[in-house]
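# Fold and contact review
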Amino acid sequence: MATERTFSIIKPDATRRNLTGAVNAVIEQAGLRIVAQKRIHMTQAQAEAFYGVHAARPFFRDLVTFMISGPVVVQVLEADNAVARYRDVMGATNPANAEPGTIRKLFAESIEANSAHGSDSLENAAIEISYFFAGTEIVG
Ligand code: CMP
């Protein structure tokens, strides 16, 4: 298996409840290395651009409003098979369907306030990482 990098966001519902460290513990216990991390407050323009692929979806406006409702922690995670591994670690988008022990089962409040985002493909991971991080900020 190849070493990959994926992009992660610890969402405002989790930072609001002081769960950054708890989420990071689940990430690290799953064998993913946090090779870049910063806490930011996204602007509306950043959130709209980041979620642009969902612009036509009925939940888009609420999603953007939620993502700018408080700080988030953006991260780059590295591991063998990091994209798929992190999606397993996060669990299903809707926490009601997430497996026990996953970030969303443990911490999420709803399908919108679902504590974590992770890239859905290696191609999107590269795009999402470059949106928030310079190469020099990623230290493997
Ligand atoms: P995320 O992985 O960040 O990608 C898009 C987000 O939209 C998703 O997680 C959910 O938090 C949010 N969302 C809100 N409502 C829905 C919905 N009905 N279906 C899918 N995603 C939703």
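Just so it is clear, the model here is predicted, and its values are computed rather than measured.

## Here we look at the packing of aromatic side chains
- Scanning the entire structure with this criterion turns up 6 aromatic pairs.
- For the ring pair Tyr131 and Phe132, a centre distance of 5.0 Å and an interplane angle of 80 degrees mean the geometry is edge-to-face.
- By relative accessible area, which is 37% here, Tyr131 ends up partly exposed.
- Accessibility expressed as a relative area gives 7% for Phe132, which makes it buried.
- Three or more aromatic residues joined by ring pairs form one cluster here, namely Phe7, Phe50, Tyr51, Tyr131 and Phe132.

## Description of helix H7 (residues 122-132)
- Inspection of H7 places Ala125, Glu128, Ile129 and Phe132 among the buried residues, and these make up the whole buried set. End-on view of H7: buried residues confined to an arc of 100 degrees, all on one side of the axis. Opposite its buried face, H7 presents the exposed residues Glu123, Ile127 and Ser130, each directed more than 90 degrees away.
- Buried positions along H7 lie against strand E1 (3-10), strand E2 (33-40), helix H3 (44-50), strand E3 (72-80), helix H5 (82-90) and strand E4 (116-118).

Conventions we followed
Residues numbered from 1 in each chain as written. Predicted model: local features only at pLDDT ≥ 70, side-chain atom pairs only at ≥ 80, totals over all residues. Heavy atoms only, no water. Phe/Tyr/Trp six-rings, centres within 6.5 Å; stacked < 30°, edge-to-face > 60°. Buried < 20%, exposed > 50% of the residue type's maximum accessible area, 1.4 Å probe, protein only. Helix = DSSP H or I, 4+ residues; strand = E, 2+ residues; numbered from the N terminus. Arc of directions from axis to C-beta. Contact = heavy atoms within 4.5 Å.

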